[in-house]
Amino acid sequence: MKRFGSWLLVLILLVSMLTFTGCTQQAGTTPKDSKLIGVAMPTKSLQRWNQDGDNMKKMLEEAGFEVILEYADNKVEQQVTQVENMITKGCKVIVIASIDGTALKGVLADAAKENIKIIAYDRLILDSPNVDYYATFDNYLVGKIQGDYIVKALGLNSGKGPFNLEVFGGSPDDNNAFFFNKGAMDVLQPYIDNGKLVVNSGQVKMEQVAIQGWKSEGAQARMDNLLTANYADKKIDVVLSPNDSLAQGIVASLRAAGYGSADKPFPVLTGQDCDVTNVKMLIDGEQSMSIFKDTRTLAAQVVEMVAAIMNGTEVPVNDTSTYNNNVKDVPSYLCEPVFADKDNYKKLLIDSGYYTAEQFR
Ligand code: BGC
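Residues numbered from 1 in each chain as written. Predicted model: local features only at pLDDT ≥ 70, side-chain atom pairs only at ≥ 80, totals over all residues. Heavy atoms only, no water.

(A) Fine view of the sheet that holds strand β6 (residues 163-167). Read from one edge to the other, the open sheet built from 4 strands follows the order β7-β6-β8-β9, with strand pairing classed as parallel. In the strand order of this sheet, the two ends are held by β7 (197-198) and β9 (268-269), each with one partner. By the bridge criterion, 2 bridges tie β6 to β7 in an arrangement that is parallel. Directly across from Phe163, in β7, lies its bridge partner Leu197. (Pairing = 2+ DSSP bridges. Helix = DSSP H or I, 4+ residues; strand = E, 2+ residues; numbered from the N terminus.)

See below:
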């Protein structure tokens, strides 16, 4: 009888354990069943990251996931804390557009312990073995398109010149900044070498031209200095700016120095992101072009990657050798950027539904 009693106890225990696990799984509340995805964006201060974040949240939710979306005010510590919270809350995949590509090693090691997959978004995360995928626009191509645009706009390939050029670079803690610079300089360097492009400041290396934090004010201050030191008695004809926030600062400086008149036209000026402010500058002839990286395309790509990870199917990538993060080649999906200028912006940006015409009135 005693024996029968203990068997019964074991049986009851077993049944209740099974029932308990079954119930909780059905309710979908265990971390095991979580459909939670973390999205960590660097800042709200630039228009593009707001669009990236909004698009991703919307598309992930449409695909049936729950989303924690955070912006880190360009503060590295804040981003680390946000990712830590995403780990604690049971996210299965975390998508991160990093502020400083080298600062996430520790928190990614914590994520790996929980078997959380990490997708680096737009900017590669460096020095960590725990970056599983990278989704971006082809950053080298961004720079190349800017360089090609300058060559065409100035007629350099038909022998025109010499023209006065100054070069700006993006934030030195952002891996992308080096790809943009390399893509553009591979195109422009031969014209510097043959004297058709003259850099009066002599500053072309990234350590001389980089603007910390992609700050407009930083670019404005450097442009002020360049104009005072080198262009008191000559005009600047072309400025390589890797993105729109820098282009805004450069134009502010040029305006203050009297550019924009018939005898002192604005130089050819590149950019990237097609921020509303900069599209207005294209229309007004203050900026020549901006790279258009349709954030809807990138967000959709990331949603596909997340879904594949969550379903255990093959994650779509199209490049496995370009982006080494100092530890490994990170499997990547590269989307293709294009450029917008005053001739094609309506078709590209308005007819496609990215912006409305009212935004530019
Ligand atoms: C992005 C650019 C952006 C820049 C500043 C880069 O990593 O690729 O699109 O303009 O950061 O936020």
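There is more to say, and it comes next.
(B) How the structure looks around the packing of aromatic side chains. This structure, assessed with the given rule, holds 8 aromatic pairs. Plain terms: the ring middles of Tyr134 and Tyr323 are 4.9 Å apart, the flat faces sit at 80° to each other, and that makes the pair edge-to-face. Taken together, the residues Tyr134 in strand β5 (residues 133-137) and Tyr323 in the loop between α11 (295-311) and β11 (332-335) connect sequence positions 189 residues apart. Accessibility classification places Tyr134 together with Tyr323 in one group, the buried group. Taken together, the aromatic side chains of Phe292, Tyr345, Tyr354, Tyr355 and Phe360 make up a single cluster linked through ring pairs. Over the aromatic face of Tyr71 sits the side chain of Lys44, whose NZ or CZ is 4.5 Å from the ring centroid. (Phe/Tyr/Trp six-rings, centres within 6.5 Å; stacked < 30°, edge-to-face > 60°. Buried < 20%, exposed > 50% of the residue type's maximum accessible area, 1.4 Å probe, protein only. Lys NZ or Arg CZ within 6 Å of the ring centre and 35° of its normal.)

(C) Broad picture of helix α8 (residues 216-230). Taking 1.5 Å per residue, 15 residues should reach 21 Å; α8 reaches 21 Å between its end C-alpha atoms and fits that length. Taken together, the buried residues of α8 touch β6, α7 (206-209), β8 (238-240) and α9 (244-256). (Expected span 1.5 Å × (residues − 1). Contact = heavy atoms within 4.5 Å.)

(D) Structural context of the site of the ligand. In the vicinity of the ligand lie 13 residues, with Arg48, Asp122, Arg123, Asp174 and Asp273 positioned nearest. Contacts to the ligand include Asn176, whose side-chain N or O atom sits 3.0 Å from an oxygen atom. Between an oxygen atom of the ligand and a side-chain N or O atom of Lys293, the distance comes to 2.9 Å. With the chains in place, 99% of the 310 Å² that the ligand exposes on its own is no longer accessible. Listed by contribution, the elements that provide at least two residues to the shell around the ligand are α2 (47-62) and α6 (175-193). Here the residues of the shell around the ligand sort into 4 nonpolar, 3 polar and 6 charged. Counting contributing residues per domain, the shell around the ligand is built from domain 1 (36-131 + 294-335) and domain 2 (139-293), each supplying no fewer than three. (Near = heavy atom within 4 Å. Polar contact = N/O pair within 3.5 Å; in protein donor to acceptor, adjacent residues only side chain to side chain. Areas by Shrake-Rupley, 256 points an atom, 1.4 Å probe, with all protein chains shown as cover. Nonpolar A, V, L, I, M, F, W, Y, C, P; charged D, E, K, R; others polar. Domains from an automatic or database assignment.)

(E) Spatial organisation of the side chain of Ser290. Counting through the fold element by element, Ser290 comes out in strand β10 (residues 289-292). For Ser290, a relative accessible area of 1% corresponds to the buried category. Within the local environment of Ser290, its side chain forms a polar contact with the side chain of Asp244, the two groups lying 3.0 Å apart. From its side chain, Ser290 meets the backbone nitrogen of Asp273 in a polar contact 3.4 Å long. Residues in contact with Ser290, not counting those within four places in the same chain, are Asp244, Gly271, Gln272, Asp273, Cys274, Leu282, Val338, Phe339 and Ala340.

(F) Seen up close, the pairing of strand β4 (residues 117-121). The element β4 is largely enclosed, with a buried count of 4 among its 5 residues. Direction of pairing for strand β3 (residues 93-96) relative to β4: parallel, over a ladder of 4 bridges. Looking at β4, one finds that Val93 is bridged to Lys117. On the question of chirality, the crossover connecting β3 to the parallel β4 by way of helix α4 (residues 105-113) is right-handed. Direction of pairing for β4 relative to β5: parallel, over a ladder of 3 bridges. Each residue of the ladder has a partner; that of Tyr121, found in β5, is Ala135. (Right-handed = clockwise from strand over helix to strand, strands pointing away.)

Purely spatial values, then, with no claim about function.
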